[in-house]
Structure formats: structure tokens, C-alpha cells
Amino acid sequence: MLATDNPRLRVSRGKLQLKNPVLSASGTFGYGTELQDIAHPEHYGGIALKGITLKPRSGNPPPRLVEAVGGVINSVGLQNDGVQDFVEKKVIPLQSYNTTIIANINGVQLEDYWMMAEKLEGSPIDYIEINVSCPNLKEGGVEFGKSPKSIAAIVSGVRKRTTIPLMLKLTPQVTDIKEIIKAAEDNGLDIVTLINTYPAIVIDINTKKPVLGNIRGGFSGPAVKPMAINLVWEARKATKLPIVGMGGVCSWQDAVEFMLAGADAVAVGTWHFINPGIALEIAEGLMAYMDKNGFESVSEITGYTWRQYNE
Ligand SMILES: Cc1cc2nc3c(=O)[nH]c(=O)nc-3n(C[C@H](O)[C@H](O)[C@H](O)COP(=O)(O)O)c2cc1C
């Protein structure tokens with residue numbers, strides 16, 4: 001049996017039910033099938049698919065990705081074929097995989113999220129991840145994620161239209177993460193996922209122009225990890241809901257660190273571009289860590305450090 005299927009890695013808190021605590025972060029694993037020769041979807045507890053919108057979008061002008069010290073800055077701008085195509089084509093080949101499927105939905109208006117939830121209801125996906133943290137949209141996106149009022153309206157509207165469990169993807173650009181989580185939880189949220197990227201600009205000193213076609217993008221990768229861990233720690237204070245932590249996960253050690261801070265599961269994003277086989281490596285590392293440290297299951301790692309300072 002592969003470590004990824006070992007029952008000691010099972011995650012079971014509230015609506016978060018995963019065979020192991022390693023997810024793919026949306027936007028770094030395509031629609032699940034593209035990478036299957038180098039990164040098998042079944043190695044993951046769940047795969048969050050590339051973000052979708054109500055209508056097809058052509059995305060931002062190139063270049064869309066630039067490296068920086070400790071990470072990358074992307075401004076893909078949610079290029080996608082829209083929710084209808086997603087339901088009719090993208091989800092179908094994934095049904096045979098032994099993993100959970102997460103649809104990542106994005107809106108420029110509040111109502112976009114509600115209409116997409118209606119379209120997804122009845123489709124074979126396991127979770128809807130409401131993305132209120134995309135920094136690469138001119139309207140909506142991350143602006144919704146900073147306002148408890150918008151969060152309440154989006155989550156309650158989506159909740160009314162679907163029975164599918166709901167994740168909310170938070171931006172690190174919040175003044176008070178507790179207020180944001182409370183607004184979502186009061187309106188039917190099931191799971192918190194965090195973090196999305198940090199707004200960032202890179203300038204070419206020779207052309208004296210921004211490198212990205214969109215000027216600004218979102219920064220992710222190893223450099224953001226300590227800040228992401230900080231926000232998981234704060235989120236854990238705000239809620240008993242399951243938390244999926246991400247931001248710079250590059251190894252099983254990083255996964256352990258997120259879990260000690262309070263995450264029930266982690267997602268790998270940018271590091272897929274360096275090591276597409278990372279899910280299996282994290283699962284194997286978690287097994288060895290549990291044996292060495294006397295943990296029977298991953299749920300015992302979750303919040304281990306956090307509890308010593310907060311209970
Ligand atoms: C190229 C790229 C595309 C992304 N697209 C999305 C997206 O469509 N929806 C979303 O919620 N997050 C998106 N993200 C953010 C990641 O899911 C993740 O939250 C972020 O990159 C932090 O994790 P990391 O440091 O492990 O990459 C994208 C990130 C990258 C690098």
C-alpha cells in the first residue's frame with residue numbers, strides 16, 4: 001500500500017473528509033489530468049482544480065509568470081473556459097480517481113458565485129472552494145475577501161444554492177482574519193482554506209518596465225511560508241472549522257509545520273513546478289515523522305504546538 005492510502009493519514013474533521021492531508025492548490029495542477037504522467041491525482045487527498053468563472057475568460061496579457069527570490073509571481077488572470085464547460089467536460093474524467101475533487105470558483109460580481117453554485121449542484125465534485133482572494137482580477141476577486149459584508153453575502157448566497165460542502169479561500173491581505181472567518185462561518189461555511197498570493201511587482205531595470213504584462217501579480221512559494229503559518233495560527237483561534245493551510249509547502253517538514261500550527265490538511269502550489277512528485281514524498285515523510293514522534297494519526301499532529309500556547 002502506498003503511504004498516500006495509509007489509514008493513519010486520514011483526515012476527518014467536520015465536513016473535511018480526506019484519505020490523506022495533501023491537496024493540490026488551485027491553479028498549479030490544471031484540471032487534474034494534465035500532469036497525470038508525472039504527478040498522479042490519486043496520490044492526493046484532494047485536488048483543487050484551476051479556478052473557473054461564470055463566463056469564459058482569456059486571462060491577462062503575457063508574460064504571466066516571473067521568478068523572484070523564494071518564489072514566483074503569477075498573473076494568469078483566471079484564463080478558463082467557464083463553468084458550463086467545466087461541468088460538461090473537465091470534471092468527467094476525474095470521477096474514476098480515488099481522490100476528492102475541489103472546484104475553485106471566482107467572481108467579478110457577488111451574483112457570479114451564486115450562479116456558479118447553481119450550475120455545480122448535481123455535478124460530481126466533492127467541494128466548492130470559493131475564491132475571494134484572487135489578486136489578478138480588475139474587479140471583485142480579492143476586494144470581496146477583505147470585506148466581512150461581501151463574504152457574508154457570497155457565502156450565504158452560495159449556501160442557499162448548493163448542498164456541496166463549502167471551502168473559502170482567504171487572502172493574506174486581511175486586517176482582521178477573525179472577522180472574515182466569523183462572517184463566513186455564520187453563513188454556512190464548512191472549511192477555511194488559506195492563503196492565496198501576495199500582490200507583487202517586478203521591474204526590469206534595463207527596459208524600466210514591469211516584467212508582467214498585467215504589471216502586478218501574486219507572489220507565492222517558499223518565501224511566504226512563515227507568514228502563511230502565522231495566519232493559520234490566527235485562523236485556528238477564530239474557528240473550530242477544519243483548516244487547509246498553504247503558502248510555500250515544499251516538503252513533508254513544511255506540511256508538519258502547518259499542521260502543528262493548526263492546519264488539518266495542507267495544499268502544495270508553486271512547488272509542483274519544481275517537484276511534481278511531492279504528494280507521495282509528503283505522505284511518506286508524515287508516516288516516518290509519526291513513527292518517530294509517537295503520533296498514531298495525523299489528527300494528533302494538527303494543532304499540537306498551537307494548543308500549548310492557546311489552551
Ligand atoms: C500559477 C498560479 C496560478 C494560481 N491560480 C489560482 C486559482 O486559479 N485559484 C486560486 O484560488 N488560487 C490560485 N493560485 C494560488 C495558489 O492556489 C496558492 O494559494 C498560492 O500559490 C500559495 O501557495 P504556494 O506558495 O504553495 O504556491 C495560483 C498560484 C499560482 C502560482
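Because the structure is predicted, anything quoted here is derived from the model rather than measured. For every chain, the first residue of its written sequence is number 1, and the numbers climb from 1 along that sequence. Under the rules for a predicted model, residues below a pLDDT of 70 receive no local features and side-chain atom pairs below 80 are neither given nor counted, while totals for whole chains, interfaces and linings still include all residues.

### A closer look at the overall build of the chain
Here's step 1: Along the backbone of the chain there are 10 helices and 16 strands.
Here's step 2: Counting every position in the chain, which comprises 311 residues, the buried fraction comes to 51%.
Here's step 3: Within the chain, residue pairs in contact and separated by at least 24 positions form 73% of the contacts whose partners lie at least 6 positions apart. Counting from the N terminus, the helices are the DSSP runs of H or I reaching at least four residues and the strands are the DSSP runs of E reaching at least two. A residue is called partly exposed when the number of other C-beta atoms within 10 Å of its own lies between 12 and 20, exposed at 12 or fewer, and buried at 20 or more, with C-beta atoms placed from the backbone. Residue pairs are scored as contacts if the distance between their C-beta atoms, which are placed from the backbone, is within 7 Å.

### Structural notes on the environment of Gly-218
Here's step 1: With respect to the helices, strands and loops of the structure, Gly-218 is situated in strand E14 (residues 216-220).
Here's step 2: Taking the number of C-beta atoms within 10 Å as the measure of exposure, Gly-218 has 24 and is therefore buried.
Here's step 3: Between the C-alpha atoms of Gly-218 and Ile-201, which are 17 residues apart in sequence, the distance is 8.4 Å.

### So, the sheet that holds strand E16 (residues 265-268)
Here's step 1: The parallel closed barrel is built from eight strands, whose spatial order is E3-E4-E7-E8-E9-E10-E15-E16. Each neighbouring strand pair of the sheet contributes to a mean axis angle of 25°, computed without reference to strand direction.
Here's step 2: Inspection of the sheet shows strand E9 (residues 166-170) paired to strand E10 (residues 191-194) by four bridges, in the parallel sense. In the sheet register, Lys-169 faces E10, and the bridge partner there is Thr-193. When DSSP finds two or more bridges between two strands, those strands count as paired. To get an axis, fit a line to the C-alpha atoms, keeping to the stretch in contact for a helix; angles then go from 0 to 180 degrees between the N-to-C directions.

### Observations regarding the packing of helix H1 (residues 82-90) against helix H2 (residues 110-120)
Here's step 1: Interaxial distance between H1 and H2 falls to 10 Å at its minimum, and their mutual angle equals 15°. Judged by the angle between their axes, H1 and H2 are roughly parallel. Crossing angle aside, the handedness with which H1 passes H2 is right-handed. Here Val-83, Gln-84 and Val-87 of H1 come into contact with H2, specifically with Met-116, Lys-119 and Leu-120.
Here's step 2: Taken together, the residues of the contact of H1 with H2 break down into four nonpolar, one polar and one charged. Angle categories are assigned with fixed cut-offs, so that under 35 degrees is roughly parallel, over 145 is roughly antiparallel, 65 to 115 is roughly perpendicular, and the rest are oblique. Should the near helix be turned anticlockwise from the far one by less than a right angle, the crossing is termed left-handed; should it be turned clockwise, right-handed. Asp, Glu, Lys and Arg are counted as charged, while Ala, Val, Leu, Ile, Met, Phe, Trp, Tyr, Cys and Pro are counted as nonpolar; the rest, among them Gly, fall into the polar class.

### With respect to the sheet that holds strand E5 (residues 65-68)
Here's step 1: Read across the sheet, four strands follow the order E5-E6-E14-E11 without closing on themselves; strand pairing throughout is antiparallel. The two strands at the open ends of the sheet, each matched to only one other strand, are E5 and strand E11 (198-201). Strand-to-strand twist of the sheet, defined as the mean angle between neighbouring strand axes without regard to direction, takes the value 40°.
Here's step 2: Relative to E14, E11 is paired through four bridges, and the arrangement is antiparallel. What sits directly across from Ile-201, in E14, is Arg-216.

### Describing the site of the ligand
Here's step 1: Not every one of the 27 residues close to the ligand is listed here, only the nearest: Ala-25, Gly-27, Gly-51, Ser-220 and Gly-269.
Here's step 2: By residue class, the composition of the shell around the ligand is 10 nonpolar, 15 polar and two charged. Residues are classed as near a molecule or strand if the C-beta position derived from their backbone is within 6 Å of it.

### With respect to the pairing of E10
Here's step 1: Alternating positions in E10 separate into two faces, Ile-191 and Thr-193 on one and Val-192 and Leu-194 on the other, with burial throughout.
Here's step 2: A clockwise path from the first strand over the helix to the second, with the strands pointing away from the viewer, defines a right-handed crossover. Crossover connection from E9 via helix H5 (residues 177-185) to parallel E10: handedness right-handed.
Here's step 3: Pairing geometry for E10 and strand E15 (residues 243-246), over three bridges, is parallel. The partner of Thr-193 across the bridge, within E15, is Val-244.

### Some points on the nonpolar core
Here's step 1: Think of a nonpolar core as buried Ala, Val, Leu, Ile, Met, Phe, Trp, Tyr and Cys residues, each tied to the set through C-beta atoms within 7 Å. Of all hydrophobic cores here, the largest spans 89 residues; its most connected members are Ile-128, Ile-130, Val-232 and Val-266.
Here's step 2: Take this core: its biggest share by element is six residues, from helix H6 (residues 225-238).

### A word on the pairing of E5
Here's step 1: For E5 and strand E6 (residues 71-74), the ladder comprises four bridges, and the chain directions are antiparallel. Directly across from Glu-67, in E6, lies its bridge partner Val-72.

### Quick word on H6
Here's step 1: Its 14 residues place the ends of H6 20 Å apart at the C-alpha level, agreeing with the 20 Å of an ideal helix rising 1.5 Å per residue.
Here's step 2: Along H6, the positions that sit buried rather than exposed are Lys-225, Ala-228, Ile-229, Leu-231, Val-232, Trp-233, Ala-235 and Arg-236.
Here's step 3: Where the residues of H6 are buried, they touch H5, E10, E15, helix H7 (252-260) and helix H10 (304-310). Each residue after the first adds 1.5 Å to the expected span of a helix.

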